[in-house]
Amino acid sequence: MEAAVSSSGKCWLTRHIKAQRMAEIHLEYVAGDRSTATMDVVFVHGLKDDARHTWQHDAANPETFWPVWLAQDVQEIAVWTLGYPNPSTEWAAEAMSLYERAVNALNHIYGPERLGSRPQVFIAYSFGGLLVKEMLNLGITMRRSEWTGTHKTVGVVFLATPHSGTKLARLATKIESFRASKAVQDLRAYSEQLIKLRTWFEQYSHDVALAVENYYETHQLFRLMRSILDRLHIPIMVVERESASGHGFPIPVDADHFQICKPLTRESIVYNGTKKLILKVLAKLKTVMQIKSPCFIAVAGSHDEQSRASVIRFSGVYAIIHTIELCYELGVVFQLCWYALPAI
């Protein structure tokens, strides 16, 4: 008990609750040259996490904060982390629902000196993956001018995201004394809301050829208590494989739910796979930008079907006009030659 009490006399739980109540959503610039970057990379955490320790393998060693690794290894990106209060129980603080937090985040991250001016890739852990999908869904289907930055999303990396919910959330909502937050209630396994979101994203990512990587945990929590928890029918896998493997080719990782988002080294499968996706997307963007026609360059990174159709139509008109101008110039040259013949 004494170990849980700090020098100020307050236990860890008290400090955690206070931090959750004081926290506000914030977009933090991490590394990379914002003035010359070709693409933004945004890390989005899950339940009870924060914008830094979620991605740091050793809490006491800032060198293990892997968003910085990406900026060091890929020079053309600017790296950000999105932080927001998201407690699992109302004993700690009240939490927004998935929809509310998505609207809140969209209004916060897009704007001057923030996101939306260039292509972006999201790296999302657990609940954060659902949040990213809900943000994209709202930004693309509601067509608000302030949220057009969502159309510039070119890739998403999911880490242990419960695309179909989790049984633990369903159990938590049944225990009244736990006082599950709105966020936890939205995580209930096979809820209609999550199934609709999963279906929409699957279709959307296919239509726009979105780059997607999907990693899931294979190690259970509380393995020493496995026999007891099994008898009580309490799940010890936070996100089951069936729920985590929602989009893209599912890749298993030797980690539990809390460690999968904290690669130990640059050789870790999660870090390597994420870097490869970013490099692949950057190569694709460079190819698009090499096209000389300004009408294509203007929409590089956009996945809006109507915009792409307009570009194709405009390109056709541009080609016809260019051909007419060329014929006219050739005609003028021909006439000059014709009139010059008698003088020769």
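Residues numbered from 1 in each chain as written. Predicted model: local features only at pLDDT ≥ 70, side-chain atom pairs only at ≥ 80, totals over all residues. Heavy atoms only, no water.

1. Regarding the overall build of the chain
At step 1: On a plain count of helices and strands, the chain comes out with 12 helices and seven strands.
At step 2: Counting only contacts in the chain whose residues sit at least 6 apart along the sequence, the fraction spanning at least 24 positions is 79%.
At step 3: Here the chain has roughly 18,800 Å² of accessible surface; of this, 59% comes from carbon and sulfur atoms. (Helix = DSSP H or I, 4+ residues; strand = E, 2+ residues; numbered from the N terminus. Contact = heavy atoms within 4.5 Å. Areas by Shrake-Rupley, 256 points an atom, 1.4 Å probe, with all protein chains shown as cover.)

2. Observations regarding helix α2 (residues 66-73)
At step 1: Every buried residue of α2 is accounted for by W66, P67, W69, L70 and A71.
At step 2: On the buried face of α2, the contacting elements are β1 (26-31), β2 (39-44), β3 (77-83), β4 (120-125), β5 (153-159) and α10 (269-289). (Buried < 20%, exposed > 50% of the residue type's maximum accessible area, 1.4 Å probe, protein only.)

3. Digging into the pairing of β5
At step 1: Most of β5 sits out of view: seven of its seven residues are buried.
At step 2: Inspection of the sheet shows β4 paired to β5 by six bridges, in the parallel sense. Its bridge partner lying in β5, A124 is registered against F158.
At step 3: In this structure, β5 lies alongside strand β6 (residues 211-217), joined through five bridges in parallel fashion. Among the inter-strand pairings, V157 is bridged to a residue of β6, identified as E213. (Pairing = 2+ DSSP bridges.)

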